[in-house]
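Residue-level listing of the chains:
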Amino acid sequence: MAFPKRTVRLLLAALVVVSTATVVAGYVESERTNDRVTGDPAVEQAFRSGGDEAVVGERDNVTVVATDSNAFVSDESDAPRAQAELAAFSPDGSVYYYQNDHTRYWDVDPVEGTSHTVEFVYADHLDADECDGSVCTRNGVERVNLTTGERTDVFSRITAGKHSTRWHDADRIDDDRLLVADIAEDRAFVVNTTTGLIDWSWEAEADYDVESGGPFPEDWTHINDVEHVEIDGEEAVMVSLRNQDQVAFIGMDGELKEDWTLGTDGDHATLYEQHNPDFIPEERGGPALLVGDSENGRIVEYQREDGEWVQSWTWADQRMQWPRDADRLPNGHTLITDSNGDRVFEVDREGEIVWSADVGFPYESERLGTGDESTGGESAASLDLPSHEPDPSEASLLQRAGNALPPAIGNGISYVFPRWVGLLEGTALVALVGSLLAWGTLEYRWLDRTVAFRSPIQIRRK
């Protein structure tokens, strides 16, 4: 049964009005509260203003958080600008250190032999006059003493473009050498920071078909993590090929150790565009891999058994969305960085949250005094950790609607749109655009094409 045109127009008009009102209300609320990030406003305010008051719970040792920048805040001129942050919480819950000088902050690692010094990877988008009139990015590693604020440039390079050319990780091998995850060139390389010379490199094209993963060459592998490890008694490099849904291992002879690869391109049940895998060696209950399984919305661990990777542990709750880091701590707890969930939190051996900090769009976190990443922790299998699955009964109506979306779409909405656009506002935007397109299409079809149009221009022939 066809509805009358008047009824259809009224329904579409109502949908446009309601959708528009929802989006406007979300924006006005973000302006009213000056809350353009979805982390705790008190935490964000403490970052920028300092102070000795506790803004998160107490915890042993300093917790360092590096944030990506999909949040926008107002500066002194009240103009919205991208905001990325490197911050540290004191054991008493107050802000210990803060900086926001770089466009993006990525991997952060403690410096061996120090108590409060870290090295972090950053990206700076440069002006056109610094890039020969085009777009470019300075990718680099910087060292900072969180107590004194003293900063030292370690290594940097300029790459063309921005989004898919920003380095995400560097792993310290020794006093002179860094292992770098080079997204721009789809490779991993070791550089001597004293001489500036590259000592070793591996290019993904040597072992992977360009038809795999993402678009070649724009964002083909998106290598987002590297780690210097030992397997089968030999040195190796572990690389996270995000767009191939794989964690791979390369010998120092440049050969891919195929039998050690975790995941397969498109096998989203195993890994789905993962971040920051941590290798746990045999002496601590491994070999095992603790991974931020981002698009699957979970932290997952795989244990090496009889030459195969077997899933041994998972953790997720209703709030978790696009986690990108997890570290196993010496006490058996796990420190988790939930990017689109806008939080860093710690779960104990029973899987219960025992500490949490709501921070806008974090990328990675480190607990100082516990070793680099999961260096001081043991595997889930050796600790007999129970997995933790989301409880459907605890999901709100909005969470259920979000869970119904394919992960890539839900995470894409969270990443692309401003941070004040939540699931409700995102749904309203989709409804608004869809209703306007549908209305325009119907009006075009309803046009009376029997009307003849006469050209106002006449040509006289002699």
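The paragraphs below set out a description of the structure included in this document.

Here is what the cut-offs are and how they apply
Residues numbered from 1 in each chain as written. Predicted model: local features only at pLDDT ≥ 70, side-chain atom pairs only at ≥ 80, totals over all residues. Heavy atoms only, no water. Helix = DSSP H or I, 4+ residues; strand = E, 2+ residues; numbered from the N terminus. Buried < 20%, exposed > 50% of the residue type's maximum accessible area, 1.4 Å probe, protein only. Contact = heavy atoms within 4.5 Å. Areas by Shrake-Rupley, 256 points an atom, 1.4 Å probe, with all protein chains shown as cover. Disulfide = S-S within 2.5 Å. 1 Å grid on protein atoms, 1.4 Å probe; cavity = no way out; pocket = protein on both sides within 12 Å on 5 of 7 lines; lining within 4 Å. Points joined across faces, edges and corners; volume = space filled by probe spheres on them. Nonpolar A, V, L, I, M, F, W, Y, C, P; charged D, E, K, R; others polar. Pairing = 2+ DSSP bridges. Salt bridge = Lys/Arg side-chain N within 4 Å of Asp/Glu carboxyl O. Polar contact = N/O pair within 3.5 Å; in protein donor to acceptor, adjacent residues only side chain to side chain. Patch = residues over 30% accessible without salt bridge, like charges linked within 9 Å, V, L, I, M, F, W, Y side chains within 5 Å. Core = buried A, V, L, I, M, F, W, Y, C linked by side-chain atoms within 4.5 Å. Axes fitted to C-alpha atoms, helices over the stretch in contact; angles between N-to-C directions.

### Looking at the overall build of the protein chain
Phase 1: Along the backbone of the protein chain there are six helices and 25 strands.
Phase 2: Across the 462 residues of the protein chain, 50% fall into the buried class.
Phase 3: The contacts in the protein chain between residues at least 6 apart in sequence include a share of 52% that link residues at least 24 apart.
Phase 4: For the protein chain, the computed accessible surface area is about 22,000 Å², with 51% contributed by carbon and sulfur atoms.

### A look at the state of the cysteines
Phase 1: As enumerated under the stated definition, the model contains one disulfide in all.
Phase 2: The disulfide that involves C131 links it to C136, with 1.8 Å between the sulfurs. Disulfide C131-C136: torsion about the S-S bond near -70°, hence left-handed. Taken individually, C131 and C136 each receive the classification buried, so the pair is uniform in this respect.

### Let's talk about empty space enclosed by the protein
Over the atoms, a rolled probe matching the size of one water molecule traces out where space is still vacant.
Phase 1: Enumeration over the complete set of coordinates arrives at two cavities of 30 Å³ or more.
Phase 2: Its volume calculated, the largest cavity comes out at about 50 Å³.
Phase 3: Along the walls of the largest cavity sit D107, D109, E119, F120, V121, V141, A170, R172 and L178, which together make up its complete lining.
Phase 4: Looking at the lining of the largest cavity, the elements with two or more residues in it are β6 (104-110), β7 (117-126) and β10 (169-172).
Phase 5: Counting residues per element, the lining of the largest cavity draws most heavily on β7, which supplies three residues.
Phase 6: Per-class residue counts for the lining of the largest cavity are five nonpolar, no polar and four charged.
Phase 7: Considered as a void within the structure, the second largest cavity measures approximately 30 Å³ in volume.
Phase 8: Along the walls of the second largest cavity sit S164, I183, A184, D186, P217, E218, D219, W220, T221 and H222, which together make up its complete lining.

### Here's the deal with the pairing of β10
Phase 1: The pairing of β10 with strand β11 (residues 177-182) spans four bridges and is antiparallel. Along β11, the bridge assignment pairs A170 with V180.
Phase 2: Here β10 folds back onto β11, and the loop between the two strands holds four residues.

### Topic: the pattern of salt bridges
Phase 1: For the structure on display, the rule yields 19 salt bridges.
Phase 2: Of the charged contacts in the structure, one is a salt bridge between D317 and R343, with a shortest N-O distance of 2.7 Å. Of this pair, D317 sits in the loop between β20 (308-315) and β21 (323-328) while R343 sits in strand β23 (residues 343-347), and the two are 26 residues apart along the sequence.
Phase 3: Look at D317 and you get buried, because its relative accessible area is 16%.
Phase 4: What emerges from the salt-bridge pattern is a single network uniting R59, E346 and R367.

### Brief notes about the side chain of S164
Phase 1: Here S164 lies in the loop between β9 (151-160) and β10.
Phase 2: Within polar-contact distance, the side chain of S164 engages the backbone oxygen of E218 at 2.7 Å.
Phase 3: When residues no more than four places from it in sequence are discounted, the contact partners of S164 are I183, A184, E218 and D219.

### Re a nonpolar patch on the surface
Phase 1: Among the surface-exposed residues, V24, Y27 and V28 lie close enough to one another that they form a single nonpolar patch of about 270 Å² accessible area.
Phase 2: Inspection of the secondary structure puts V28 in helix α1 (residues 5-32).

### Here we look at the nonpolar core
Phase 1: Counting 18 residues, the largest nonpolar core has L179, W200, W202, Y208, V226, V239 and L241 as its most contacted members.
Phase 2: For this core, the elements supplying multiple residues, two or more each, are β11, β12 (187-192), β13 (198-203), β14 (223-231), β15 (234-241) and β16 (246-251).
Phase 3: With three residues, β15 is the largest single contributor of residues to this core.
Phase 4: Excluding its chain neighbours within four sequence positions, the residues that come into contact with Y208 are W202, W220, L241, Q244, Q246, A248 and L256.

### Comments concerning the sheet that holds β20
Phase 1: The four strands lie next to each other as β17-β18-β19-β20, forming an open sheet whose pairing is antiparallel. The outermost strands of the open sheet, each flanked by one partner alone, are β17 (275-280) and β20. With strand direction ignored, the average angle separating the axes of adjacent strands in the sheet is 20°.
Phase 2: Judged from the seven bridges that link them, strand β19 (residues 298-305) and β20 form a sheet pairing that is antiparallel. Across the sheet, Y302 pairs through a bridge with Q311, a residue of β20.

### Brief notes about the sheet that holds β21
Phase 1: One open sheet accounts for four strands, arranged β21-β22-β23-β24; its pairing is antiparallel. Of all the strands in the sheet, just β21 and β24 (353-357) have a single pairing partner and so form its edges. With direction set aside, neighbouring strand axes in the sheet form an average angle of 15°.
Phase 2: Two elements, β23 and β24, share four bridges in a ladder whose sense is antiparallel. The residue of β24 that forms the bridge with V344 is A357.

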